Amino acid sequence: MRISVIGCGYLGAVHAASMAKLGHEVVAVDVDPVKIERLAAGDAPFFEPGLPEILAEAIASGRIRFTTDYAEVAGSRVHFLAVGTPQGPTGAADMTYIDSAIASLTPHVAAGEFVVGKSTVPVGTAARLAAGLQDAVPGATLVWNPEFLREGFAVQDTISPDRLVYGVPSGPAGSSAVEALDEVYATTLAEGTPRLVVNLPTAELVKVSANAFLATKISFINAMAEIAEVAGADVTALADAIGHDDRIGRKFLNAGLGFGGGCLPKDIRAFQARATELGVGESLDFLADVDAINLRRRAHVVTLASELLGGAVAGKRVAVLGLAFKPNSDDVRDSPALDIAARLLELGATVSAYDPEANHTAARIHPSLSYVDSASAALQDADLVLVLTEWNEFRTLDPAAVVAQVASPVVIDGRNCLDRDAWTAAGFTYRGMGR
Ligand code: UGA
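Residues numbered from 1 in each chain as written. Predicted model: local features only at pLDDT ≥ 70, side-chain atom pairs only at ≥ 80, totals over all residues. Heavy atoms only, no water.

**Re empty space enclosed by the protein**
Turning to step 1, where the next piece is worked out: Under the defined criterion, the tally for this structure stands at 1 cavity of 30 Å³ or more.
Turning to step 2, where the next piece is worked out: In this structure, the largest cavity encloses a volume near 100 Å³.
Turning to step 3, where the next piece is worked out: As for the largest cavity, its lining consists of Thr 85, Ala 93, Thr 120, Val 121, Pro 122, Val 123, Val 208, Lys 266, Asp 267, Ala 270, Phe 271 and Arg 274.
Turning to step 4, where the next piece is worked out: Per-element accounting of the lining of the largest cavity gives the leading share, 5 residues, to helix H11 (residues 264-277).
Turning to step 5, where the next piece is worked out: Per-class residue counts for the lining of the largest cavity are 7 nonpolar, 2 polar and 3 charged. (1 Å grid on protein atoms, 1.4 Å probe; cavity = no way out; pocket = protein on both sides within 12 Å on 5 of 7 lines; lining within 4 Å. Points joined across faces, edges and corners; volume = space filled by probe spheres on them. Helix = DSSP H or I, 4+ residues; strand = E, 2+ residues; numbered from the N terminus. Nonpolar A, V, L, I, M, F, W, Y, C, P; charged D, E, K, R; others polar.)

Next up, the structure:
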């Protein structure tokens, strides 16, 4: 099928390449000429395992084209809308990119075609956009097909998601939309992927409520970590024990520095703002606590660092291992790790930071941190070691070798990812999160 993808950020670039991988003919549009040039040359603008390979394959097969010219989308049967909805100044989602993308796209859409929203939007957006599209192009249909991809697994999550959700209008237009999307996802559906057909607001809500649930689960275990810390319990053992209950499940129960990234933090804030607009703000009051618990983890680590350094951070050498908001990513948007590194710098520490992939993205936001190109360089003569992103490279560090490099054997395991016994046996003072 001829498909267009509007927006070539994280979501759009992965979606466009994945659609080509599924055999479709894709034209991908972005207003940023630099991004388009890089993608057209097969150069992925961010670190995402598997993306360079499918991008190269798509380009070689001639099934993908990158352009800044909206006119080139003409003739596509399905137009995916995949632009960003970042956090605005009030916490509500900033809809500028959605609104300008739809305004640029609409003149090139014809009757019988489908505009398919993939971006995360406040509930009610699809109905608003559908009305505008209906006025401008009678016979074109707007549907919502939220995306659930995780960074680091984005390609796999796009091609083989754990479910497909189609938000469609009622009546014949809705049935035609389901047919068109079934054709887009024929390969995925043939694998047995569950597909749920719902109305537009349900599709929008599925996305934000899934992220709100995940954020709540993480903050729940971090609240237990706060209690475990004062009660002398071990939150990791607690998570293992409650996680054996199928109704609870062990996934997303890792206590640590909490959630960051370009999705969970801004989505729970935008969701609260939207609920308030709808007059049901109370229903999501608990998300303010979810957010507060999450942000407390960062403050807690800074306090702990100060305690372990004898009360004063200024002038101390601190090794920060990890800057990305999670491993297998170079994304530092709202990253707890980068936030903690910056706070320690502000308190006067000499911070030597290393991330296997995120040094360059972090340096754009915090150029004054000192970035080094290996864990070993960061660890040299450190008074305190902080492991803030659970990259495999850090999990597998040999504490016996590290102890010989540092000035003082003290480690904060911000992601509970180190072997506590091995680090303690090597002579380290070990502090985990909620253990
Ligand atoms: C999240 C959702 O998981 C995806 O399903 C969703 O599609 C995506 O947002 C989105 O809205 O686009 P992502 O931001 O890639 O995906 O990251 P997650 O894997 O959810 O991790 C988020 C944060 O939670 C990370 O900082 C991670 O370190 C933290 N986390 C995760 C924990 O602190 N504990 C855990 O047990 C799990």
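**So, the domain arrangement of the protein**
Turning to step 1, where the next piece is worked out: Domain boundaries in the protein define domain 1 (2-198), domain 2 (208-291) and domain 3 (298-432).
Turning to step 2, where the next piece is worked out: Relative placement of domain 2 and domain 3: their C-alpha centres are 24 Å apart.
Turning to step 3, where the next piece is worked out: With 14 residues of domain 2 at the interface, the matching set in domain 3 holds 15 residues.
Turning to step 4, where the next piece is worked out: Summed over both partners, the interface of domain 2 with domain 3 comes to about 1,000 Å²; 46% of that surface belongs to carbon and sulfur atoms.
Turning to step 5, where the next piece is worked out: Of all residues in domain 2, Glu 229, Leu 257 and Gly 261 bury the most surface against domain 3, accounting for 50% of the area lost on that side. (Domains from an automatic or database assignment. Contact = heavy atoms within 4.5 Å. Buried area = accessible area lost by both parts, 1.4 Å probe.)

**Things to note about the packing of aromatic side chains**
Turning to step 1, where the next piece is worked out: For the structure shown, the criterion picks out 4 aromatic pairs.
Turning to step 2, where the next piece is worked out: Measuring from centroid to centroid gives 6.4 Å for Tyr 166 and Tyr 185, while their planes differ by 25°, and the two rings are stacked. With Tyr 166 in strand E7 (residues 164-167) and Tyr 185 in the loop between helix H7 (172-184) and helix H8 (186-190), the pair connects residues that are 19 residues apart, well separated along the chain. Like Tyr 166, the residue Tyr 185 is buried in the burial classification.
Turning to step 3, where the next piece is worked out: The cationic tip of Arg 150 hangs over the ring face of Phe 153; the distance from NZ or CZ to the ring centre is 4.4 Å.
Turning to step 4, where the next piece is worked out: Between the NZ or CZ atom of Arg 163 and the centre of the ring of Phe 148, over which it lies, the distance is 3.5 Å. (Phe/Tyr/Trp six-rings, centres within 6.5 Å; stacked < 30°, edge-to-face > 60°. Buried < 20%, exposed > 50% of the residue type's maximum accessible area, 1.4 Å probe, protein only. Lys NZ or Arg CZ within 6 Å of the ring centre and 35° of its normal.)

**Looking at the site of the ligand**
Turning to step 1, where the next piece is worked out: In the vicinity of the ligand there are 21 residues, among which Phe 148, Leu 149, Glu 151, Lys 207 and Asn 211 approach most closely.
Turning to step 2, where the next piece is worked out: Phe 148 is positioned such that a nitrogen or oxygen atom in its backbone is 3.0 Å from an oxygen atom of the ligand.
Turning to step 3, where the next piece is worked out: Asn 254 places a main-chain nitrogen or oxygen 2.9 Å from an oxygen atom of the ligand.
Turning to step 4, where the next piece is worked out: Considered on its own, the ligand offers 710 Å² of accessible surface; in the complex 90% of this is hidden by protein. (Near = heavy atom within 4 Å. Polar contact = N/O pair within 3.5 Å; in protein donor to acceptor, adjacent residues only side chain to side chain. Areas by Shrake-Rupley, 256 points an atom, 1.4 Å probe, with all protein chains shown as cover.)

**Overview of the sheet that holds strand E10 (residues 350-354)**
Turning to step 1, where the next piece is worked out: Read from one edge to the other, the open sheet built from 6 strands follows the order E11-E10-E9-E12-E13-E14, with strand pairing classed as parallel. Edge strands, defined here as strands with exactly one partner in the open sheet, are strand E11 (370-371) and strand E14 (429-431).
Turning to step 2, where the next piece is worked out: Sheet topology places strand E13 (residues 410-413) next to E14; 3 bridges connect them, and they run parallel. Paired with Val 410 across the two strands is Thr 429, which belongs to E14. (Pairing = 2+ DSSP bridges.)

**Regarding the pairing of strand E5 (residues 114-117)**
For a regular strand, side chains alternate in direction, first toward one face of the sheet and then toward the other.
Turning to step 1, where the next piece is worked out: The two faces of E5 match: Phe 114 and Val 116 on one face and Val 115 and Gly 117 on the other face are all buried.
Turning to step 2, where the next piece is worked out: Two strands pair when backbone bridges link them, and strand E4 (residues 78-81) and E5 are joined in this way by 4 bridges, in the parallel orientation. Paired with Leu 81 across the two strands is Gly 117, which belongs to E5.
Turning to step 3, where the next piece is worked out: Read from E4 through helix H4 (residues 96-105) to E5, the crossover connection turns out right-handed.
Turning to step 4, where the next piece is worked out: Across 4 bridges, the pairing between E5 and strand E6 (residues 141-144) is parallel. Bridge assignment links Phe 114 to a residue of E6, and that residue is Thr 141.
Turning to step 5, where the next piece is worked out: Taken together, E5, helix H5 (residues 125-136) and E6 form a β-α-β motif whose crossover is right-handed. (Right-handed = clockwise from strand over helix to strand, strands pointing away.)

**Describing the pairing of strand E2 (residues 25-29)**
Turning to step 1, where the next piece is worked out: Of all 5 residues in E2, 4 are buried, a share of seventy percent or more.
Turning to step 2, where the next piece is worked out: Remark: the strand E1 (residues 2-6)/helix H1 (residues 10-21)/E2 crossover connection has right-handed handedness.
Turning to step 3, where the next piece is worked out: Pairing between E2 and strand E3 (residues 64-67): 4 bridges, direction parallel. Residue pairing in the sheet places Val 27 in a bridge with Arg 65 of E3.

**Observations concerning unusual backbone geometry**
Turning to step 1, where the next piece is worked out: Even without glycine at this site, Asn 328 takes up a positive phi of about 60°.
Turning to step 2, where the next piece is worked out: Following the sequence through the fold, Asn 328 ends up in the loop between strand E9 (317-321) and helix H13 (336-346).
Turning to step 3, where the next piece is worked out: Look at Asn 328 and you get partly exposed, because its relative accessible area is 35%.
Turning to step 4, where the next piece is worked out: Unlike most non-glycine residues, Asp 381 shows phi in positive territory, near 60°.
Turning to step 5, where the next piece is worked out: Structurally, Asp 381 is set in the loop between helix H15 (375-379) and strand E12 (384-387).
Turning to step 6, where the next piece is worked out: Among the residues examined, Asp 381 registers a relative accessible area of 41% and is labelled partly exposed.

**Here's the deal with the nonpolar core**
Turning to step 1, where the next piece is worked out: Counting residues in each nonpolar core, the largest one holds 50 residues, and the members touching the most others are Val 320, Leu 321, Leu 344 and Leu 386.
Turning to step 2, where the next piece is worked out: If you list the elements that add at least two residues to this core, you get helix H12 (286-308), E9, H13, E10, H15, E12 and E13.
Turning to step 3, where the next piece is worked out: With 5 residues, the top contributor of residues to this core is H13.
Turning to step 4, where the next piece is worked out: For Leu 386, the residues in contact, after removing those within four places along its chain, are Val 301, Val 318, Ala 319, Val 320, Leu 321, Ile 340, Leu 344 and Ile 412. (Core = buried A, V, L, I, M, F, W, Y, C linked by side-chain atoms within 4.5 Å.)

**Thoughts on the pattern of salt bridges**
Turning to step 1, where the next piece is worked out: The tally for this structure, following the rule as stated, stands at 27 salt bridges.
Turning to step 2, where the next piece is worked out: For Arg 163, the salt bridge is made with Asp 162, and the minimal N-O distance between the two is 3.0 Å.
Turning to step 3, where the next piece is worked out: With a relative accessible area of 25%, Arg 163 lands in the partly exposed category.
Turning to step 4, where the next piece is worked out: Note that Asp 234 and Arg 435 form a salt bridge whose closest N and O atoms lie 3.7 Å from each other. (Salt bridge = Lys/Arg side-chain N within 4 Å of Asp/Glu carboxyl O.)

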